[in-house]
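Next come the chains, spelled out residue by residue.
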Amino acid sequence: LVLGLAIEYGAFLAEDRVSATTTFRAVTLSAVVSILAFGAMAFSSAPPLRALGASVSIGIALALALAPSAWRDSHAT
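Residues numbered from 1 in each chain as written. Predicted model: local features only at pLDDT ≥ 70, side-chain atom pairs only at ≥ 80, totals over all residues. Heavy atoms only, no water.

1. Things to note about the nonpolar core
Stated precisely, the cut-off is as follows: To qualify as a nonpolar core, a set must consist of buried Ala, Val, Leu, Ile, Met, Phe, Trp, Tyr and Cys residues joined through side-chain atoms within 4.5 Å. For every residue, the accessible area obtained with a 1.4 Å probe (protein chains only) is divided by the maximum for its type, and the residue is called buried under 20%, exposed over 50%, and partly exposed between those limits. The numbering of helices and of strands both runs from the N terminus, where a helix is a DSSP run of H or I of at least 4 residues and a strand a run of E of at least 2. Should any heavy atoms of two residues lie within 4.5 Å, those residues are considered in contact.
Core analysis: the largest hydrophobic core is formed by eleven residues, namely Leu-5, Tyr-9, Leu-13, Val-27, Ala-31, Phe-38, Val-56, Ile-60, Ala-63, Leu-64 and Ala-67. At the level of secondary structure, the elements contributing two or more residues to this core comprise α1 (2-14), α2 (20-41) and α3 (47-66). When residues of this core are assigned to their parent elements, the largest contribution, four residues, is made by α3. Aside from chain neighbours lying at most four places away, what touches Ala-67 is Tyr-9 and Leu-13.

2. Remarks on α2
Put simply, the rule is: Expected helix span is given by 1.5 Å per residue-to-residue step, counting one fewer step than there are residues. To be clear, the arc concerns the directions from the helix axis to the C-beta atoms.
Spanning 22 residues, α2 covers 32 Å between terminal C-alpha atoms, matching the ideal 32 Å at 1.5 Å per step. The set of residues buried in α2 consists of Thr-23, Val-27, Ala-31, Ser-34, Phe-38 and Gly-39. The buried side chains of α2 occupy one side of the element, clustering within an arc of 130° when seen end-on. Exposed residues pointing more than 90 degrees away from the buried face of α2 are listed as Thr-22, Arg-25, Leu-29, Leu-36 and Ala-40. Considering only its buried residues, α2 is in contact with α1 and α3.

If you want it as structure tokens, here you go:
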């Protein structure tokens, strides 16, 4: 799940040709919503849900932090 989201975030940023700012805002909003959803699971009373929520939330946060490394230089061919 986390790997799939990380690849999508990177692909969106790498293939952006129009507005890098808008794309980054969209990716950030998507990541924040996912972090909040899985973060809510981290407060569950069931240990498996708690572990899943915590690990996926941390993974998505790391994927968001590393996603800008996929940006391409707009002047490169």
